[in-house]
Amino acid sequence: MNAWMSWLAVAGLVVILELFTGTFYLLMIAIGLVAGALIALFGAGTEIQMLSAAVVGALATVLLHKSKYGWRERQDASRNPDVNMDIGQSISVAQWQDQGGGRFTARAMYRGAMWDVELQHSAPAAGVFVIVEIVGSRLMVRPS
């Protein structure tokens, strides 16, 4: 078997492994392996093949990491609108109750049920508020 065929066979195995992981990082390594196969096809030495595969694979991995598809900081699920459909929604609060220490709470109707609502970093006044976080069964809100 020629060297370029070996590179492509290993690249194919890495692509198969990538299908099980669900990330694109092994796919970037496979791109580097294909670059090694192309260099081998043109008759370069083993050292050049390995160096080109490593450089292309590393560069592709870094570019993926910097793209919008790369690693993202984990966001708390209680504040993440992708996890919790209520984040960013509006709720109307008629009256606030002072709990002391700058905490204000209320009971308000939201999606057909009564919820505990807590005001964050603001003076209490009746009106419409935006849900910014859900902690247990409490809606944390801020003025809209």
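Quantities reported herein were computed from a predicted structural model and do not represent experimental measurements. (Residues numbered from 1 in each chain as written. Predicted model: local features only at pLDDT ≥ 70, side-chain atom pairs only at ≥ 80, totals over all residues. Heavy atoms only, no water.)

Here we take up a nonpolar patch on the surface. Together, L8, V34, L38, L41 and F42 make up a nonpolar patch on the protein surface, roughly 490 Å² of accessible area in all. By residue number, the principal contributor to the nonpolar patch is helix α2 (residues 25-41), which donates three residues. (Patch = residues over 30% accessible without salt bridge, like charges linked within 9 Å, V, L, I, M, F, W, Y side chains within 5 Å. Areas by Shrake-Rupley, 256 points an atom, 1.4 Å probe, with all protein chains shown as cover. Salt bridge = Lys/Arg side-chain N within 4 Å of Asp/Glu carboxyl O. Helix = DSSP H or I, 4+ residues; strand = E, 2+ residues; numbered from the N terminus.)

To continue, consider unusual backbone geometry. The phi angle at R111 is positive, at roughly 50°, despite the residue not being glycine. Locating R111 in the fold gives a position in the loop between β3 (103-110) and β4 (113-119).

Our next topic: helix α3 (residues 46-66). With 21 residues, α3 extends 30 Å between its outermost C-alpha atoms, agreeing within 8% with the 30 Å of an ideal straight helix rising 1.5 Å per residue. Buried residues along α3 sit against α1 (3-21) and α2. (Expected span 1.5 Å × (residues − 1). Contact = heavy atoms within 4.5 Å.)

Relative to the elements of secondary structure, N84 occurs in the loop between α3 and β1 (90-93). Once residues within four sequence positions are removed from consideration, N84 is found in contact with A77 and I134.

Here we take up the packing of α2 against α3. Packing of α2 against α3 leaves a shortest axis separation of 7 Å and a crossing angle of 150°. Taken together, the axis directions place α2 and α3 in an arrangement best described as roughly antiparallel. When you trace α2 past α3, the crossing you get is right-handed. In this structure, α2 contributes Y25, M28, I29, I31, G32, L33, A35, G36, I39 and A40 to the contact, and α3 contributes I48, Q49, S52, A53, V56, G57, A60, T61, L64 and H65. (Axes fitted to C-alpha atoms, helices over the stretch in contact; angles between N-to-C directions. Parallel < 35°, antiparallel > 145°, perpendicular 65-115°, else oblique. Left-handed = near helix turned anticlockwise from the far one by under 90°.)

Moving on, we get to the sheet that holds β1. Sheets are built from strands paired through backbone hydrogen bonds, the pairs being either parallel or antiparallel. On the basis of which strands lie adjacent, the open sheet formed by six strands has the order β1-β5-β6-β4-β3-β2 and mixed pairing. Strand pairing shows two members of the sheet lacking a second neighbour, β1 and β2 (97-100), which therefore form its edges. On average, adjacent strands in this sheet sit at an angle of 45° to one another, irrespective of strand direction. (Pairing = 2+ DSSP bridges.)

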